[in-house]
Amino acid sequence: MSKILGYGEDALTLWALKHHLSKILDEFQDKTPIPECLIFYRPSFGRHGKDGSSIFGEFDAIIASKQNVYLIESKWDNHNDFKNEEFPLENHQILRHQIFAWYLTHWNKNGNWQTFVKEQKENFPFPNKTIARNSLLAQNLEHILIKIYEHHTHLSESNIKNVLLFFYDSEKSKYPTKTNDSFKIIPIAYNREIDGNFVTL
């Protein structure tokens, strides 16, 4: 197989999913064997959704284990000298997690999207957004929800974990220790595993 080198936040995310998934699971005492985890890399639910739309952005990853579902945001030090103690996320990022968590906890695993919308459209709790209807977004959501429930049959809010992966060069940066209350920071040092400024995928 050819050697693939990647640069930046997206490449580091894929690298971590391939080589450091156990670190994420260990942070939550998740005993699921790695081969039994289902991973969606950069699943898209539209980009830059305006008020009144149903699109709500892209996760960097979603991991479904037998124990939890992890909703992943990734950030990095950009090869700079990062020293901030706090790394607050933006409102639209927090909203993305809230919306997808709602879909997860309200999805009827025995139904289909049309039935789901009919049953839940009046219960959608986000005033500046609308529930996804017959669209590519709805297709993507339905597929991902079905796949997640094949892995995890009984989901509740306690099984949904919001994660901030922070990639940093441990020789010159520090990772933040504070972010939004509903997120857990998982720091991953990359400097020992890069070739130049590129990571091997």
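Here the structure is shown first, and the text comes after it.
Residues numbered from 1 in each chain as written. Predicted model: local features only at pLDDT ≥ 70, side-chain atom pairs only at ≥ 80, totals over all residues. Heavy atoms only, no water.

Colleague: I'd like to hear about the nonpolar core, residue by residue, with values.
Modeller: One recurring pattern in soluble globular proteins is that nonpolar side chains are buried together. Residues F100, Y103, W113 and I148 are the most contacted members of the largest nonpolar core, which totals 31 residues. Looking at this core, the elements with two or more residues in it are β5 (61-64), β6 (69-76), α3 (91-106), α4 (113-120) and α5 (136-151). In terms of residue count, the dominant contributor to this core is α5 (seven residues). Residues in contact with F100, not counting those within four places in the same chain, are F45, F56, F59, I62, L71, L141, I144, L145 and I148. Grouped together as the second largest cluster of nonpolar side chains are 22 residues, A11, W15, L21 and I63 included. (Core = buried A, V, L, I, M, F, W, Y, C linked by side-chain atoms within 4.5 Å. Buried < 20%, exposed > 50% of the residue type's maximum accessible area, 1.4 Å probe, protein only. Helix = DSSP H or I, 4+ residues; strand = E, 2+ residues; numbered from the N terminus. Contact = heavy atoms within 4.5 Å.)

Colleague: Help me get a handle on the side chain of Q120, residues and values and all.
Modeller: Within the element layout of this structure, Q120 appears in helix α4. Classification of Q120 as buried rests on a relative accessible area of 13%. Those residues in contact with Q120, other than ones at most four positions away along the chain, are W102, H106 and I131.

Colleague: Account for the layout of surface pockets, with residues named and values stated.
Modeller: Roughly 210 Å³ of internal volume is contained in the second largest pocket. Every residue lining the second largest pocket is listed: I94, H97, Q98, A101, W102, T105, E157, I160, N162, S182 and F183. The set of elements that each furnish at least two residues to the lining of the second largest pocket consists of α3 and β7 (160-168). Among the elements that make up the lining of the second largest pocket, the one with the highest residue count is α3 (six residues). Class assignment for the residues of the lining of the second largest pocket results in five nonpolar, five polar and one charged. (1 Å grid on protein atoms, 1.4 Å probe; cavity = no way out; pocket = protein on both sides within 12 Å on 5 of 7 lines; lining within 4 Å. Points joined across faces, edges and corners; volume = space filled by probe spheres on them. Nonpolar A, V, L, I, M, F, W, Y, C, P; charged D, E, K, R; others polar.)

Colleague: So what about the sheet that holds strand β8 (residues 183-189)? Which residues, and what values?
Modeller: With mixed pairing, the five strands of this open sheet are ordered in space as β2-β5-β6-β7-β8. Strand pairing shows two members of the sheet lacking a second neighbour, β2 (38-41) and β8, which therefore form its edges. This sheet shows a mean twist of 25° between the axes of neighbouring strands, independent of strand direction. In this sheet, β7 lies alongside β6 in parallel orientation, the contact comprising eight bridges. (Pairing = 2+ DSSP bridges. Axes fitted to C-alpha atoms, helices over the stretch in contact; angles between N-to-C directions.)

Colleague: Outline α3, supporting the account with residue identities and numerical values.
Modeller: Note on helix geometry: an α-helix contains 3.6 residues per turn, so any two residues three or four positions apart are oriented the same way. With 16 residues, α3 extends 23 Å between its outermost C-alpha atoms, agreeing within 8% with the 22 Å of an ideal straight helix rising 1.5 Å per residue. Along α3, the residues classified as buried are Q93, I94, R96, H97, I99, F100, A101, W102, Y103 and L104. (Expected span 1.5 Å × (residues − 1).)

Colleague: Provide a residue-level description of the pairing of β5, including the pertinent values.
Modeller: In β5, alternate side chains face the same way, and those of A61 and I63 on one face and I62 and A64 on the other are all buried. Sheet topology places β2 next to β5; four bridges connect them, and they run antiparallel. Pairing of Y41 across the sheet is with A61, part of β5. The sheet contact formed by β5 and β6 spans four bridges and is antiparallel. What sits directly across from I62, in β6, is L71. Connecting β5 to the next strand, β6, in antiparallel fashion are four residues.

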